[in-house]
Amino acid sequence: MDGLIAEKGKTKLIFFAVDDDSVLPTRKEIRDHFPECSYNIYKAWGHFRSSVDSIEAIFRIRRLGIASSRSWSHDRIITHIYRIDTSKGPDSFFTLKYSASLVGFYEISRDDMSEIKTLTDYAHKQYDLMSKMNDYEDRFESGAKLASFLNVQDKTMSNPDQESIVKLFSNYGESAEEQIIEKINQFIEKIKWQ
């Protein structure tokens, strides 16, 4: 862990996605909406990028599916993080004013960061498994072509039971993928700060 999330308790974070820093809340606006707070602003690609990349991964999977767990993307879902210490919750005026750039308000603990890692690992493993199963289906077709090319008589290669193959491999893992996405949705709802 790189220190973005406090050792104990939950850390309140406000995530933004902006192309232009000038549209972010100013110090005065933060003080107006969150009186007597302390806060720091971090860029997603800065010192805490490891934590931010982990957090972004679950948002990316939620938005794009488990295939997005396979590779890193240059497209940022979060560009700036306000780490804020306040007892006051976000108000609707703040939310409305920054709705175009606001990703959301979250409270995240160290345990939540561990859960993020577990969820993204599950998504990655499920995607890998589903990809490998697609490869196997293609291999049956390649085997039939090879048997024909080599002019060999092997019914398991030249004439596999296509109906059984389709039954076995079509929709393989899709239900598990949906369940992983649902777990990620539930997790994101759980860490919302409101």
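### Description of helix H2 (residues 49-64)
The periodicity of an α-helix, 3.6 residues per turn, causes residues three or four places apart in sequence to face the same way.
Point 1. The first and last C-alpha atoms of H2 sit 21 Å apart over 16 residues, in line with the 22 Å expected at 1.5 Å per residue.
Point 2. Looking only at H2, the buried set comprises Ser51, Val52, Ile55, Glu56, Ile58, Phe59, Arg60 and Ile61.
Point 3. Turning to H2, the residues buried within the fold contact strand S1 (11-16), strand S3 (80-85), strand S4 (102-108), helix H4 (110-150) and helix H7 (174-191).

### Digging into the sheet that holds strand S2 (residues 38-43)
Point 1. The four strands are arranged S2-S3-S1-S4 in an open sheet whose pairing can be described as antiparallel. Each edge of the open sheet carries a strand with a single partner, namely S2 and S4. Across the sheet, the mean angle from the axis of one strand to that of its neighbour is 20°, orientation sign disregarded.
Point 2. Against the sheet, H2 contacts S1, S3 and S4, and its axis sits at roughly 115° relative to S4.

### Side note on the packing of aromatic side chains
Point 1. Enumeration over the complete set of coordinates arrives at 13 aromatic pairs.
Point 2. Arranged with centres 4.8 Å apart and planes meeting at 85°, the rings of Tyr42 and Phe48 form a pair that is edge-to-face. The residues Tyr42 and Phe48 share a single accessibility class, namely buried.
Point 3. Measuring from centroid to centroid gives 5.1 Å for Phe94 and Tyr98, while their planes differ by 50°, and the two rings are tilted. Just as Phe94 is buried, Tyr98 falls in that class too.

### Some words on the packing of H4 against H7
Point 1. Axis separation between H4 and H7 bottoms out at 10 Å; the angle between their running directions is 165°. Taken together, the axis directions place H4 and H7 in an arrangement best described as roughly antiparallel. In the packing of H4 onto H7, the handedness of the crossing is left-handed. Contacts from Asp112, Glu115, Ile116, Leu119, Tyr122, Ala123, Gln126 and Met130 in H4 reach Glu174, Ala176, Glu177, Ile180, Lys183, Ile184, Phe187, Lys190 and Ile191 in H7.
Point 2. Looking at the contact of H4 with H7 residue by residue, the class counts come to ten nonpolar, one polar and six charged.

### Here we look at the pairing of S4
Point 1. Across the seven residues that make up S4, a large majority, five, are buried.
Point 2. Across six bridges, S1 lies against S4 in antiparallel orientation. The partner of Phe16 across the bridge, within S4, is Leu102.

### Considerations on unusual backbone geometry
Point 1. One non-glycine residue, Glu36, lies in positive phi territory at about 55°.
Point 2. Assignment of secondary structure puts Glu36 in the loop between helix H1 (27-33) and S2.
Point 3. Located in the positive-phi region is Asn171, a residue other than glycine, with phi close to 65°.

### Quick look at the confidence of the model for the protein
Point 1. Of all residues in the protein, 97% have pLDDT values of 70 or greater, and the mean over the chain is 89.
Point 2. Confidence scores differ between elements of the protein, with helix H5 (residues 155-158) showing the lowest mean pLDDT of 77 and S1 the highest of 97.

What counts and how
- Residues numbered from 1 in each chain as written.
- Predicted model: local features only at pLDDT ≥ 70, side-chain atom pairs only at ≥ 80, totals over all residues.
- Heavy atoms only, no water.
- Helix = DSSP H or I, 4+ residues; strand = E, 2+ residues; numbered from the N terminus.
- Expected span 1.5 Å × (residues − 1).
- Buried < 20%, exposed > 50% of the residue type's maximum accessible area, 1.4 Å probe, protein only.
- Contact = heavy atoms within 4.5 Å.
- Pairing = 2+ DSSP bridges.
- Axes fitted to C-alpha atoms, helices over the stretch in contact; angles between N-to-C directions.
- Phe/Tyr/Trp six-rings, centres within 6.5 Å; stacked < 30°, edge-to-face > 60°.
- Parallel < 35°, antiparallel > 145°, perpendicular 65-115°, else oblique.
- Left-handed = near helix turned anticlockwise from the far one by under 90°.
- Nonpolar A, V, L, I, M, F, W, Y, C, P; charged D, E, K, R; others polar.
- pLDDT = per-residue confidence, 0-100.

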